[in-house]
Amino acid sequence: MKNHYCVGYEGKDFALATWSNKQSKGLTNIATFFSGSSAEEKRQVLWQQVETRTLDKRISRFCDRARDNDLYLWYLSSHDLPTAQLIQRFLAWYHNQ
């Protein structure tokens, strides 16, 4: 499914990781592109990278790809919603730059 990504659990709990992987149905878990274990940590790391101009190449390629194509972002559980919202807000900011 082109341009479909998921946002899911990425921690060390094997049961949750297995569940998340099954739910993702083979979609790329975009949350793994962003460093940090929570949405707040990801936000802090992301803006630090922006300020120091050291944005991860995977993130910039993802953003550039999303600029030219429709993007579908699926979050796997309500716990993943803050991270999905962070990614949506960042994409909107990135595309307005």
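Our structure is the block above this text.
Conventions adopted
- Sequence order as written defines residue numbering, which begins from 1 separately in each chain.
- Since the coordinates come from a predicted model, pLDDT governs what is reported: local features require at least 70, and pairs of side-chain atoms require 80 or more to be given and counted, while whole-chain, interface and lining totals use all residues.
- Side-chain measures were taken over the full set of non-hydrogen atoms in the model, leaving aside hydrogen atoms and water.
- Labels follow the DSSP assignment, with helices taken as runs of H or I lasting at least four residues and strands as runs of E lasting at least two, numbered in each case from the N terminus.
- To estimate how far a helix should extend, the number of its residues minus one is multiplied by 1.5 Å.
- Residue burial is assigned from relative accessible area. The probe radius is 1.4 Å, only protein chains are included, and a residue is buried under 20% of its type maximum, exposed over 50%, and partly exposed in between.
- Think of it as the arc spanned by the lines of direction from the helix axis to the C-beta atoms.
- Throughout this description, the term nonpolar core refers to a set of buried Ala, Val, Leu, Ile, Met, Phe, Trp, Tyr and Cys residues connected via side-chain atoms within 4.5 Å.
- Any pair of residues with heavy atoms lying within 4.5 Å of one another is described as a contacting pair.

Student: Looking at this structure, how should I read unusual backbone geometry?
Tutor: Most peptide bonds adopt trans geometry, and most residues besides glycine take a negative phi value. In this structure, Lys25 is a non-glycine residue whose phi angle is positive, near 55 degrees. With respect to the element layout, Lys25 can be found in the loop between helix 1 (14–23) and strand 2 (28–29). A positive phi angle is found at Arg53, which is not glycine, with a value near 55 degrees. Among the secondary structure elements, Arg53 is positioned in the loop between helix 2 (39–51) and helix 3 (57–68).

Student: Can you help me understand helix 4 (residues 81–95) in this one?
Tutor: Because each turn of an α-helix spans 3.6 residues, side chains separated by three or four positions end up pointing in the same direction. Spanning 15 residues, helix 4 covers 21 Å between terminal C-alpha atoms, matching the ideal 21 Å at 1.5 Å per step. All buried positions along helix 4 are accounted for by Thr83, Ala84, Leu86, Ile87, Phe90, Leu91 and Tyr94. Projection of helix 4 onto a plane perpendicular to its axis shows the buried side chains occupying an angular sector of 155 degrees, all on one side.

Student: So what exactly am I meant to see when it comes to the nonpolar core here?
Tutor: Residues Ile30, Phe34, Phe62 and Ile87 are the most contacted members of the largest nonpolar core, which totals 17 residues. Looking at this core, the element that brings in the most residues is helix 4, giving five residues. In this structure, Ile30 is in contact with Tyr5, Cys6, Val7, Phe62, Leu73 and Ile87, ignoring residues within four places of it in sequence.

Student: Is there a simple way to explain the side chain of Asn3 in this structure?
Tutor: Of note, Asn3 is situated in the segment before strand 1 (4–7). Beyond its immediate sequence surroundings of up to four residues, Asn3 is in contact with Asn69, Asp70, Leu71 and Tyr72.

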